[in-house]
Amino acid sequence: MQLDALISQSTAVVFASVSTIDGRNFTQATTKGDISGPRISALTSSMLALGESLVRESALGSCQYSALSANGGSIVLVRTPTARPAYTLLYGGYLWRLMTDDSA
């Protein structure tokens with residue numbers, strides 16, 4: 001699976017997930033066994049909705065991605081570029097390591 005390859009090629013990526021915008025888990029890969037794909041997908045849907053609402057209320061167009069920074073790493077949520085918006089890609093890991101990792 002391509003997400004497994006993504007994770008194995010970089011020490012910066014801890015998990016990656018593709019889900020539908022309504023919160024259904026499509027596929028996931030992780031180096032941490034305690035991450036629940038269905039739960040992450042549901043949370044991704046909620047975060048996407050919040051980001052889109054905030055951007056719309058701020059009259060800034062449409063939301064392209066959202067990012068969270070935590071003391072243990074970063075999470076980036078991206079709406080996939082398709083003709084009909086249906087999927088999101090969620091990446092979680094060590095953003096600082098991704099910027100310095102030659103294998104990324």
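Keep in mind that this is a model prediction, so the values were computed, not measured.

Chemist: Sorry if this is basic, but what is going on with the overall build of the chain here?
Modeler: Scanning the chain for helices and strands turns up three helices and five strands. Across the 104 residues that make up the chain, the buried fraction comes to 37%. Within the chain, contacts between residues separated by at least 24 positions form 41% of all contacts whose residues are at least 6 apart in sequence. Summed over its atoms, the accessible surface of the chain is roughly 6,700 Å², and 58% of this surface lies on carbon and sulfur atoms.

Chemist: Quick question: what am I supposed to make of unusual backbone geometry here?
Modeler: Most of the time, phi is negative for any residue but glycine, and the peptide bond is trans. Positioned with a positive phi, Ala59 is a non-glycine residue whose angle comes to about 55°. In this structure, Ala59 sits in the loop between α2 (37-57) and β3 (65-70). Its relative accessible area of 68% is what places Ala59 among the exposed residues.

Chemist: Can you walk me through the packing of aromatic side chains in this structure?
Modeler: Aromatic ring pairs are described here by two measures, namely the spacing of the ring centres and the angle between the planes. This model, assessed by the stated rule, comprises one aromatic pair. Between Phe26 and Tyr87, the aromatic rings sit 5.4 Å apart at their centres with planes inclined by 55°, giving tilted as the arrangement. Here the residue Phe26 occupies a position in strand β2 (residues 25-30), and Tyr87 occupies one in strand β5 (residues 87-93), the gap between them amounting to 61 residues. You can call Tyr87 partly exposed: its relative accessible area is 31%.

Chemist: Explain the sheet that holds β5 here, please?
Modeler: Adjacent strands of a sheet pair through backbone hydrogen bonds, lying either parallel or antiparallel. Read across the open sheet, the five strands follow the order β2-β1-β5-β4-β3; overall the sheet is antiparallel. The sheet is open, and its two borders are formed by β2 and β3, each paired with just one other strand. Each strand axis lies, on average, 10° off the axis of its neighbour in the sheet, ignoring direction. Bridging between strand β4 (residues 73-79) and β5 involves six bridges; their strand directions are antiparallel.

Criteria and cut-off values
Per chain, the residues get numbers from 1 upward, laid out in the order the sequence is written. pLDDT decides what is reported in this predicted model: residues at 70 or higher carry local features, side-chain atom pairs at 80 or more are listed and counted, and totals for whole chains, interfaces and linings draw on all residues regardless. Hydrogen atoms and water are omitted, and side-chain values are computed over all heavy atoms in the structure. Helix and strand definitions here come from DSSP, where helices need a minimum of 4 consecutive H or I residues and strands a minimum of 2 consecutive E residues; each element is numbered from the N-terminal end. Remark: exposure states derive from per-residue accessible area (1.4 Å probe, protein chains only) relative to the maximum for the residue type, with buried under 20%, exposed over 50%, and partly exposed in between. Pairs of residues are marked as contacts when any of their non-hydrogen atoms sit within 4.5 Å. Here, Shrake-Rupley sampling with a 1.4 Å probe gives the accessible areas, and only protein chains in the shown set may cover a residue. Between the rings of Phe, Tyr and Trp (Trp by its six-membered ring), a pair exists once the centres lie within 6.5 Å; its type follows the angle of the planes, with under 30 degrees stacked, over 60 edge-to-face, and the other angles tilted. Here, strands pair whenever DSSP counts at least two bridges between them. Axis lines are fitted through C-alpha atoms, for helices just across the contact stretch, and the angle between N-to-C directions can take any value from 0 to 180 degrees.

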